[in-house]
Amino acid sequence: MAAMDRIRNIVILTGAGISAESGIDTFRGGGGLWEQHRVEDVATPEAFARDPELVLRFYDMRREAIQTKQPNPAHFALARLDAEWPGELLIVTQNVDDLHERAGAKRVLHMHGEHLNAWCTWCDVRSSWRGPLLNRPPCPACGARALRPDVVWFGEMPYRMDEIYAALRGCDMFVSIGTSGAVYPAAGFVRDARELGARTLELNLEHSEGSAWFDESRLGPAGELVPAWVAEMLL
Ligand SMILES: [Zn+2]
């Protein structure tokens, strides 16, 4: 119970690195190309306005791909921590896949949205969605053919920031897993947590742009580091 004596409330930020170990390629990383398009050119509101078919095809492909992937030991370890940790805990994920949920985690917040949701820009309702959007299917709620991927694009505001900052204000420990530390606002979470006195830990494949802000950085695959850290926390 050593860890629990000092730490009650935990915020965990997860990024592309944790999904990469399940075979999901990095979405927001630098230099990614998709059929000669930069990812930024298929992941902005302007791109969707200019060439909706291109954008919808891109997301249909990604939505289909993630459904063939499986959670890895890092996802399962976080789900175990979520189930057994007696204090507050929030997994804030930048990932738009559902691997945390499929591993069994409950306290998950998708700040960049979810591939398996469609968002109706006519009635603002979000519907669970597993098939394609390219054929412009009607919104289950209102019938309008105005569904778009429920994914936060470059230049759009991440979701539920108030909840995230409230959790950061109340946390004793902030843990960042598999993130580059390059994309704001998430890259700033460690500074906010640290300034408020939280212990800060980074679990990453390599040093990130934000490494200097962490009390401790452990380098290696998430599938090894995360289960080891969770075991320490639940000792
Ligand atoms: Zn609708």
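Our structure's up above, just so we're on the same page.
For clarity, every value in this text was computed on a predicted model and none was experimentally measured.

1. Looking at the overall build of the protein chain
Phase 1 of the analysis: A tally of helices and strands in the protein chain yields 10 helices and 11 strands.
Phase 2 of the analysis: For the protein chain, the spread of C-alpha atoms along the principal axes amounts to about 55 × 35 × 30 Å.
Phase 3 of the analysis: Considering the protein chain as a whole, with its 235 residues, one finds that 51% of them fall into the buried category.
Phase 4 of the analysis: Partitioning the contacts of the protein chain with sequence separation of at least 6, the portion at a separation of at least 24 is 66%.
Phase 5 of the analysis: Averaged over its 24 positive side-chain charges, the protein chain has a centre that lies 3 Å from the centre of its 33 negative ones.

2. A word on the packing of helix 6 (residues 73-84) against helix 10 (residues 222-233)
Phase 1 of the analysis: It is at 7 Å that the axes of helix 6 and helix 10 come closest, and there the two elements cross at 20 degrees. One finds that helix 6 runs roughly parallel with respect to helix 10. Crossing of helix 6 over helix 10 shows left-handed handedness. Between helix 6 and helix 10, the residues in contact are Pro73, Ala74, Ala77, Leu78, Arg80 and Leu81 and Ala222, Gly223, Val226, Pro227, Trp229, Val230, Ala231 and Met233, respectively.
Phase 2 of the analysis: Looking at the contact of helix 6 with helix 10, its residues break down into 12 nonpolar, 1 polar and 1 charged.

3. Focus: the coordination of the zinc ion
Phase 1 of the analysis: In this structure, Cys120 (SG), Cys123 (SG), Cys139 (SG) and Cys142 (SG) serve as the protein donors to the zinc ion, at separations of 2.3 to 2.4 Å.
Phase 2 of the analysis: Around the zinc ion sit 4 donor atoms, and with donor-metal-donor angles ranging over 107 to 112 degrees the site reads as tetrahedral.
Phase 3 of the analysis: Mapped onto the sequence, the residues coordinating the zinc ion show the spacing C-x2-C-x15-C-x2-C. Of the two residues, Cys120 sits in strand 6 (residues 113-120) while Cys142 sits in the loop between strand 7 (126-128) and strand 8 (147-151), which places them 22 residues apart along the sequence.
Phase 4 of the analysis: Cys120 gets classed as buried once you look at its relative accessible area, which sits at 0%.

4. Let's talk about the nonpolar core
Phase 1 of the analysis: Of all hydrophobic cores here, the largest spans 27 residues; its most connected members are Ile12, Leu81 and Trp229.
Phase 2 of the analysis: With residues near it in sequence (within four places) discarded, Leu81 still touches Ile10, Ile12, Leu89, Trp229, Val230, Met233 and Leu234.
Phase 3 of the analysis: Core analysis: the second largest hydrophobic core is formed by 21 residues, Val39, Ala43, Val55 and Leu147 among them.

5. Let's talk about the pattern of salt bridges
Phase 1 of the analysis: For the structure shown, the criterion picks out 12 salt bridges.
Phase 2 of the analysis: Here Arg102 and Asp98 are joined by a salt bridge, their closest N and O atoms 3.1 Å apart.
Phase 3 of the analysis: With a closest N to O distance of 3.2 Å, Arg199 and Glu216 form a salt bridge. Residue Arg199 is found in strand 10 (residues 199-204), and its partner Glu216 is found in strand 11 (residues 216-219); the two are separated by 17 residues along the sequence.
Phase 4 of the analysis: In this structure, a network of salt bridges that share partners links the residues Arg199, Glu216, Arg218 and Glu232.

6. Considerations on the sheet that holds strand 10
Phase 1 of the analysis: Taken together, 6 strands build an open sheet; the order of strands is 5-4-1-9-10-11 and the sheet is parallel. The open sheet has two edge strands, strand 5 (108-110) and strand 11, and neither has a second partner. Strand-to-strand twist in this sheet, taken as the mean axis angle between neighbours without regard to direction, amounts to 15 degrees.
Phase 2 of the analysis: Docked against the sheet, helix 6 engages strand 1 (10-14), strand 4 (89-93) and strand 9 (173-177), running at close to 160 degrees with respect to strand 1.
Phase 3 of the analysis: Sheet contacts for helix 8 (residues 161-169): strand 1, strand 4, strand 5 and strand 9; angle to strand 4, the most-contacted strand, approximately 135 degrees.

Rules of the game
All residue numbers refer to positions counted from 1 along the written sequence of the respective chain. It should be noted that, the model being predicted, local features are given only for residues of pLDDT at least 70 and side-chain atom pairs only at 80 or more, the latter also being counted only at that level, while totals for whole chains, interfaces and linings use all residues. The basis for every side-chain value is the complete set of non-hydrogen atoms in the structure, without hydrogens or water. Runs of H or I in DSSP of at least four residues are treated as helices and runs of E of at least two as strands, each being numbered from the N terminus. Burial here depends on accessible area, computed with a 1.4 Å probe over protein chains only, as a share of the maximum for the residue type. Under 20% is buried, over 50% is exposed, and the range in between is partly exposed. Any two residues having at least one pair of non-hydrogen atoms within 4.5 Å are treated as being in contact. We treat Lys and Arg as the positive residues and Asp and Glu as the negative residues; His and chain ends play no part in the count. One atom stands in for each charge, and that atom is NZ of Lys, CZ of Arg, CG of Asp or CD of Glu. Here an angle of 0 to 180 degrees is reported between the N-to-C directions of two axes, which are lines fitted to C-alpha atoms, with helices fitted over the stretch in contact. For this classification, under 35 degrees means roughly parallel, over 145 means roughly antiparallel, 65 to 115 means roughly perpendicular, and everything else is oblique. Working rule for handedness: look at the near helix, and if it is turned counterclockwise from the far one by less than a right angle, call the crossing left-handed; if clockwise, right-handed. Polar here means any residue other than Ala, Val, Leu, Ile, Met, Phe, Trp, Tyr, Cys and Pro, which are nonpolar, and Asp, Glu, Lys and Arg, which are charged; Gly is therefore polar. With water omitted from the atoms examined, metal sites may look incomplete; donors here are N, O and S atoms no farther than 2.8 Å from the metal, or 3.2 Å in the case of Na, K and Ca. Irregular is the default label, applied whenever a site is not tetrahedral (four donors, all angles between 85 and 135 degrees) and neither square planar nor octahedral (four or six donors, opposite donors over 155 degrees apart, all other angles between 65 and 115). The definition of a nonpolar core used throughout is a set of buried Ala, Val, Leu, Ile, Met, Phe, Trp, Tyr and Cys residues joined through side-chain atoms within 4.5 Å. Counted as salt bridges are all cases of a side-chain nitrogen of Lys or Arg within 4 Å of a carboxyl oxygen of Asp or Glu. For two strands to count as paired, DSSP must find a minimum of two bridges between them.

This is a description of form; function is not addressed.
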